[in-house]
Amino acid sequence: MGALFQSWSRPWLIGFGLLLLLLLSLGIQKTRFAVLIVALLLGSTLMSMRQSAVESSVLHAHLGQSMVVRAVLSTDPHKLAPKVIRNSFAPPSYSALVRVVEIEVAGSKYSMRIPARLIATDIDFVNLLPGQMISAEVSALESREGRVAALLISRGEITVLTEPSRWGRFLDSIRDGLRGVSGSGDSGSLIPGMVLGDTSLQSATFNNDMRRSGLTHLVAVSGANFAIVSGFVLYLMQFLFRRMPLRLGATAIFLISFIALVRPSPSVLRAAAMASVLLLAKGTHRGRDALPALGFAIAAVVAADPWQARDAGFALSVLATAGLLLFAPKVIARFKGRVSEKVAQAIAPPIAATLFCAPVIVAISGQLSFMSIVANVLAAPAVAPITVVAFIAALISPIFPPLALLLVTVVKPLAAWIAWVASIAAHFSVITFAKGASSFFFIALLIAIGFFVNRRIFVAALVLILLVSWFMRFPGGDWQIANCDVGQGDSMVLNLGDHRGILIDTGPDPITQDRCLRQLGIKQIDLLILTHIHADHIGGLAGAKRNRKVLTQWFGDVRAGTRATVLSNRGPVTIEVLWPTAQWADEQESDPNNSSIAIIVRAPDYSLFAGGDMEPLTQAQIVPALSRVDIYKVCHHGSRFQDESFTRALSPTLSVISVGADNSYGHPAPETIDALTRLGSLVFRTDLDGAIAIKARQHRFTVTKSKGGFALLHWG
């Protein structure tokens, strides 16, 4: 807590913390208050010492320089999500935490033991194991991770200096064995994740489904994962030891070995600490007496790794554990006599954990999905059998693969069930809130009302929230234009009705594009326009075509003068190509931005211009063909390269900028936004507003944003 207190930077939040301390000092016993003060001081001191050690290290002093490092891997390297750099996808990259032991920079060598984050493009890097020593030429950059001294970027080959230990190879054989017998598909990829936290077999689409359905914790080596395995071992220990202390001791020894198997990363260690608390509660059958143990576990984790106090995952682990200890028994008692005891025991944990974690989830994501409770309830009965049986299969897979395969085959239908639940739940909408402390306190207050004041008020408030969120849901019941939130890229949809649409560009990511079209209800694309070849405009093409029919596609060979008319549920929609001309396209193939397909759309209720990444040179050339439009899809993500006469000719009522948050290009440029504002245009941008949906009726517009869930009414 002290480390978290030290990390608060906003004055009002510090003031709130001091006020809380004052209230505690007046309302609790002096001894408890003294313990709280000691905890704050201890946490702050430990965080300060660690932070000082990192910032005063030799490695940190040489940020911005190239060097040769020798380092020991602390975690397994994992593949990073693909990124778009300028106009194309970057080479695949792999990331791992390392402990730097030596650097050679500017002709000098320095010895140390300091943590760092290493990102490399060498494909062999991903096959290395924790404990191996490597050497690499890197560039040392400042990192946003407080726990590391630097971000090390290696573009060349990684030199392996030591082989993995026998123990490391043995543990890796268990992980490889379970992957081998789990098979393919979503169900096969789920099993190693649930047992060992190994998600290497999971597709990006399945990862997304697990996240949106609230089931990601099943494959994250959570406290629940440890609790299931440890509980199974504790059950077996009764056949070897009569006394509970001996059973708990033997289980603890096994737990340490299990930590080594799943890798002792910070998240795993905190999960093990929370599982130990649950194990103690289960072993002693006194859940409330486990609260001091929870406090001790929190203190131990923060003392060993102060940066955990700044980690939202740590807060969620603590809250979930507290929910299981404090609230799950009440839920079981509440359902007693209404459903069977086994059903109540299956329902209680996800409800308790979700309620306790809800304020933090909303604060960091701005979203809350009540469907995640349903998904967790439906998945809960399958979790323990899969974890236990597949864990046994993992242990015997290096010795007797056929038996391991048989065991996995038995539980694979249960894994298929969870995968199906995730895919269904991922399609449901979520309630959106503003991120930050305000939403945290709002949700916390709502839950507190339900617990301590009046349950009827709680239910009424909950129903009101659901109704408001339904009426303000994105994209709403009726819309004509929607701009997907695809990060640093472009994707706009024109609604034709009957689940049909016109799609202009597909963004950089297939999963994001597919999710947006599903949210918009688009099942058929009558016209797909890919403005130019850059990855941030066409990278999501596979997602756009996933389970959808594309009738016509424009890409590359379309020239000025091309026209098309499609019928919408409100009348004909005409699309006319204004650029590129045939001569320009032939002469400027090396300039994809200025070869972008530029179109003007005229529909019964609106007019719209979209020009891909056109820049001033070509913008100026089509000014004579332009007239005022209602909606302008701003060129090149709102960059500062805009022709003033071009913007003035459009004089849009609404301007939509598709741009990624915190991008490195400076998009959108303040001068571009100022120019549009001076023309009287209302500017919306996906980095701040999220996805944007526009309802058009006779050139009057209602704009709905996915971030915040509020609708803005504008009369054109």
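Residues numbered from 1 in each chain as written. Predicted model: local features only at pLDDT ≥ 70, side-chain atom pairs only at ≥ 80, totals over all residues. Heavy atoms only, no water.

**Notes on the packing of helix α12 (residues 312-326) against helix α13 (residues 328-335)**
Condition: Angular values range over 0 to 180 degrees, each being the angle between N-to-C directions of two axes fitted as lines to C-alpha atoms, with helices fitted over their stretch in contact. Here a strand is any run of E in DSSP of at least two residues, a helix any run of H or I of at least four, and the numbering for each starts at the N terminus. An angle below 35 degrees is treated as roughly parallel, one above 145 as roughly antiparallel, one from 65 to 115 as roughly perpendicular, and anything else as oblique. Contacts are assigned to residue pairs with any non-hydrogen atoms lying within 4.5 Å of each other. Three classes are used: nonpolar for Ala, Val, Leu, Ile, Met, Phe, Trp, Tyr, Cys and Pro, charged for Asp, Glu, Lys and Arg, and polar for all others, with Gly counted as polar.
α13 packs onto α12 with a crossing angle of 40° between their chain directions and a minimal axis gap of 4 Å. Considering their axes alone, α12 and α13 lie oblique with respect to each other. Of the residues in α13, those in contact with Gly323, Leu324, Leu325 and Leu326 of α12 are Ala328, Pro329 and Lys330. When its residues are assigned to classes, the contact of α12 with α13 shows 5 nonpolar, 1 polar and 1 charged.

**Structural notes on the pairing of strand β14 (residues 500-504)**
Within a regular strand, side chains alternate between the sheet's two faces. We apply this condition: Any residue under 20% of the maximum accessible area for its type is buried, any over 50% is exposed, and the rest in between are partly exposed; the area is computed with a 1.4 Å probe on protein chains only. Should DSSP find at least two bridges between two strands, the strands are taken to pair. Here, the term right-handed applies to a crossover whose path from the first strand over the helix to the second runs clockwise when the strands point away from the viewer.
Most of β14 sits inside the fold, with 5 of its 5 residues counted as buried. Neither face of β14 is left uncovered, since the one carrying Arg500, Ile502 and Ile504 and the one carrying Gly501 and Leu503 both have all their residues buried. Direction of pairing for strand β13 (residues 492-497) relative to β14: antiparallel, over a ladder of 5 bridges. The partner of Leu494 across the bridge, within β14, is Ile502. From the end of β13 to the start of β14, which pair antiparallel, there are 2 residues, and Asp498 there has a positive phi angle of about 55°. With helix α19 (residues 510-520) bridging β14 and its parallel neighbour strand β15 (residues 524-529), the resulting β-α-β unit is right-handed.

**Points about the nonpolar core**
Selection rule: Definition used in this section: a nonpolar core is a set of buried Ala, Val, Leu, Ile, Met, Phe, Trp, Tyr and Cys residues joined via side-chain atoms within 4.5 Å.
Leu215 and Ile418 are the most contacted members of the largest nonpolar core, which has 39 residues in total. Elements that contribute at least two residues to this core include exactly α5 (166-182), α6 (185-196), α7 (204-212), α9 (244-262), α10 (266-284), α15 (371-396) and α16 (401-425). The residues touching Ile418, leaving out its near neighbours within four places in the chain, are Leu190, Met194, Leu215, Leu218, Ala379, Ala382, Val383 and Ile386. Membership of the second largest hydrophobic core comes to 31 residues, among which are Ile481, Met492, Ile599 and Ala696.

**Some details on the sheet that holds strand β19 (residues 598-603)**
Ordered by their spatial adjacency, 7 strands build an open sheet running β17-β18-β19-β20-β21-β22-β23, and the pairing between neighbours is mixed. The sheet is open, and its two borders are formed by β17 (563-568) and β23 (682-685), each paired with just one other strand. The average angle at which neighbouring strand axes cross in this sheet is 20°, direction not considered. Pairing of strand β18 (residues 571-579) with β19, which is carried by 5 bridges, proceeds in the antiparallel orientation. Bridge pairing in β19 places Thr574 opposite Arg602. Sheet contacts for helix α25 (residues 670-678): β21 (631-633), β22 (654-657) and β23; angle to β23, the most-contacted strand, approximately 145°.

**Here's the deal with the state of the cysteines**
Which entries qualify depends on this criterion: Whenever a pair of cysteine sulfur atoms sits within 2.5 Å, that pair is classed as a disulfide.
Applying the stated criterion across every chain, the model contains 1 disulfide. Disulfide pairing places Cys484 opposite Cys516 at an S-S distance of 2.0 Å. Around the S-S axis, the bridge from Cys484 to Cys516 shows a dihedral of about -80° and counts as left-handed. In this pair, Cys484 is assigned in the loop between β12 (481-483) and β13 and Cys516 in helix α19, connecting sequence segments 32 residues apart. Here Cys484 and Cys516 have matching classes, each one buried.

**Looking at the pattern of salt bridges**
Defined as follows: Here, a salt bridge means any Lys or Arg side-chain nitrogen found within 4 Å of an Asp or Glu carboxyl oxygen.
A full pass over the atoms with the stated rule returns 17 salt bridges. Measuring nitrogen to oxygen at the nearest pair gives 3.0 Å for the salt bridge that ties Arg500 to Asp526. Highlighted residues: Arg500 in strand β14 and Asp526 in strand β15, separated in sequence by 26 residues. Residue Asp526 is classed as buried on the basis of its relative accessible area of 9%. A salt bridge links Asp689 to Lys705; its shortest N-O distance comes to 3.7 Å. Of this pair, Asp689 sits in helix α26 (residues 686-689) while Lys705 is found in strand β25 (residues 700-705), placing the two residues 16 residues apart along the sequence. Asp689 gets classed as buried once you look at its relative accessible area, which sits at 12%.

**Some remarks on α12**
The test is simple: Every helix has an expected span of 1.5 Å times one less than the residues it contains.
Across its 15 residues, α12 extends 21 Å between first and last C-alpha, which sits within 8% of the 21 Å expected from 1.5 Å per residue. Of the positions making up α12, those classed as buried are Gly313, Phe314, Val318, Ala320, Thr321, Ala322, Gly323 and Leu325.

**Notes on the side chain of Asp198**
Using the following cut-off: Polar contact is defined as a pair of N or O atoms within 3.5 Å, subject to the rule that within protein one atom must be able to donate a hydrogen and the other to accept it, and that residues adjacent in sequence are counted only when both atoms are side-chain atoms.
On the secondary structure map, Asp198 appears in the loop between α6 and α7. Judged by its relative accessible area of 6%, Asp198 is buried. Within the local environment of Asp198, its side chain forms a polar contact with the side chain of Ser200, the two groups lying 2.7 Å apart. Those residues within four positions of Asp198 in sequence are excluded, and the remaining contacts are Arg175, Arg179, Ser189, Pro192 and Gly193.

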